[in-house]
Amino acid sequence: MGGLEDGLPPSKRLRSSSAGSSSVLSGSTAEEQPIAAALFRDSMAQILQCQGQEETIGSRGLIKRIEFVRLISDALYALGYKRSGACLEEESGIPLHSADVSLLMQYVLEGNWDEGASTLHKIGLEDETIIKSAKFLILEQKFLEFLEAGKTLDALMTLRTEISPLHVRTSRVHELSSCLLSRSVNQNGLSCNGSLKAKLRSEVLDELQKLLPPTVVVPERRLEHLVEQALNLQRGTCVFHNSSDWDMSLYTDHHCGRDNIPRHTSQILEGHQDEVWNLQFSHEGKYLASASTDRSAIIWEVGKYGEATLKHRLCGHQKPVSQVSWSLDDQQLLTCGAEETVRRWDVSSGKCLQIYEKAGIPVVSCAWSPDGRSIFAGFADKSICVWDLNGNELECWKGQKTLKISDLEITGNGRKIISMCRETAILLLDRETNEEKLIEEDQMITSFSLSNDSKLLLVNLLNQEIHLWTIDGDVKLLAKYKGHKRSRFLIRSCFGGLDQSFIASGSEDSQVYIWHRGSGQLVDILPGHSGAVNCVSWNPVDPHMLASASDDRTIRIWGLHEANIKPRVLQSNGTHHCNGKI
């Protein structure tokens, strides 16, 4: 029968001290019986003394001793240390559960439903709604076990005289009634549906414990939850935390060092012949694409140990290349010429697969659709259009949807288009409803960047500030980051690090700036470039790898290497040819 169990894991066995030896489950050993009996004799007198006290422990006196001891007992039982848990209850005089709660648990596990329902009125519940909901849970299991045992008449009486008078969960009562009716005409005794099968009794007890208030039943594994909560809080406030495999210890407070973020130049890439304007790691972190005023883009391949090598130089644009965009599978790359055309490249061969353009209307931005089947582009006439891969126009939004110099992003679900519609406003256009939302700033917007989960937007402003906005639901300003320099050039920033916990930005003072996203604290400034740093990109797979592009014609790869290690310089060896024709 579905509700019967021959054995229970230690964490599900009755953890009783005050119910006497009779409260020990049949699965208890002979050695455990005297312990339970001793607890029954001694604990009641001691608990009466403790209940009148509000003794606290800890340096600030915030922890109630009784609650703390009960949590430790619960943790010991959960770990399988039943004897230790019982000894703690006995020595402290603080039982994990009251005598009536222990009886309730015993009745549920033994299938003594009537006694269990009756005991609900003795465990200190004041909320009648909780009492009825708990009683419904117990009686429903009684009904279903009768039904599975073929005792249809008993099930009918339980439903009619015990469950229905509770006047709760009416729709569920109707389901039970329908199930009973179908059983009456179904001689095979098959269940009505999966949701109307009797549960294991331990599962019923789990649901019951979640329903009862914590003052009556200690939430299971509560101490573990509190410890994990404390560790997560420490990790969240550690401004240098950037390693998923960090060995956090309970023995000491958690704190990472500054060297846990990529701050040392590990490699200098010198493949471009002019200023490097843009760069972006692929989604899997295996490639890095860079764009330059030398009218070329380069695909760099990231090796096993983080070293980047030149894979393909992509030529064909007649003007500086201003943007790059990776397809979701990293097999194709888009490059956008400044007020020119969009080109689609095959990453494996370096071949140009398609050119996208409109007669007489220059392209200013580009982006992939999340499914990789279409391409978005912003135009100088302030419109946004969508092409299929063959260059056929699928959709077009006209009006002031984008600016002459603009970024373009598509949310991960493909539903929202994000672009600059005015100098001080960013448009969030819902493709399905055509609803338009705006992010409005007081200063001129120069660029923006979307987080991996499409919930946050990073906005760079003319006044040397970076603003963090949430765009998931209501649009709201969350944080501001300051310190970098920007007066004349287009500077881009990005999310990065473990769980995208950091913000990185280029700067006109030839340095890279890194902030902790949550606190807004500036955690490091990385010198090394000899010209303005135009763009940064954080490897989405390796939180210890950051790239920066500069007017000094180089790309710097930043990692965790020691400061005294001489950075490697990689120059073009001339073996990679341009593939500009289709």
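Model, not experiment: these values are computed from the prediction.

Student: Mind showing me how you'd approach the side chain of Ser550 here?
Tutor: Relative to the assigned elements, Ser550 resides in strand S29 (residues 546-550). Among the polar contacts listed, one links the side chain of Ser550 to the backbone nitrogen of Asp552, at a separation of 3.0 Å. With residues up to four places along the chain from it excluded, the contact list for Ser550 reads Glu275, Val276, His529, Gly531, Ala532, Val533 and Asn534.

Student: Just checking my understanding: could you explain the pattern of salt bridges for this structure?
Tutor: Oppositely charged side chains may form a pair once their charged atoms are brought near each other. With the rule as written, the count across this model stands at 17 salt bridges. In this structure, Asp259 engages Arg263 in a salt bridge whose closest nitrogen and oxygen atoms are separated by 3.2 Å. Take Arg263: its relative accessible area is 25%, and that puts it in the partly exposed class. The residue Glu393 makes a salt bridge to Lys358 at a minimum N-O spacing of 3.5 Å. One end of the pair, Glu393, is in strand S15 (residues 393-397); the other, Lys358, is in the loop between strand S11 (352-356) and strand S12 (363-368), with 35 residues separating them in the sequence. Among the charged side chains, a salt-bridge network with shared partners connects Asp114, Lys142 and Glu162.

Student: Looking at this structure, how should I read the packing of helix H6 (residues 128-148) against helix H7 (residues 152-163)?
Tutor: A packed helix pair is summarised by two numbers, namely the angle formed by the two axes and the spacing between the axes. Running from N to C, H6 and H7 point in directions that differ by 160°, and their axes come no closer than 8 Å. If you check the angle between H6 and H7, you find them roughly antiparallel. Like other packed secondary-structure pairs, H6 and H7 cross with a definite hand, here left-handed. Residue-level inspection shows Phe136, Leu139, Glu140, Lys142, Phe143, Phe146 and Leu147 of H6 in contact with H7, the latter providing Asp154, Ala155, Thr158, Leu159, Glu162 and Ile163.

Student: Sorry if this is basic, but what is going on with the sheet that holds strand S27 (residues 522-526) here?
Tutor: The strand order across the open sheet formed by four strands is S24-S25-S26-S27, and the pairing between neighbours is antiparallel. In the strand order of this sheet, the two ends are held by strand S24 (493-496) and S27, each with one partner. Between one strand axis and the next, the sheet turns through 20° on average, direction left out of account. Strand direction decides the pairing type here: strand S25 (residues 502-505) and strand S26 (residues 512-516), joined by four bridges, are antiparallel. Paired with Ala504 across the bridge in S26 is Ile514.

Criteria and cut-off values
Residues numbered from 1 in each chain as written. Predicted model: local features only at pLDDT ≥ 70, side-chain atom pairs only at ≥ 80, totals over all residues. Heavy atoms only, no water. Helix = DSSP H or I, 4+ residues; strand = E, 2+ residues; numbered from the N terminus. Polar contact = N/O pair within 3.5 Å; in protein donor to acceptor, adjacent residues only side chain to side chain. Contact = heavy atoms within 4.5 Å. Salt bridge = Lys/Arg side-chain N within 4 Å of Asp/Glu carboxyl O. Buried < 20%, exposed > 50% of the residue type's maximum accessible area, 1.4 Å probe, protein only. Axes fitted to C-alpha atoms, helices over the stretch in contact; angles between N-to-C directions. Parallel < 35°, antiparallel > 145°, perpendicular 65-115°, else oblique. Left-handed = near helix turned anticlockwise from the far one by under 90°. Pairing = 2+ DSSP bridges.

Any functional reading would require information beyond the geometric quantities listed.
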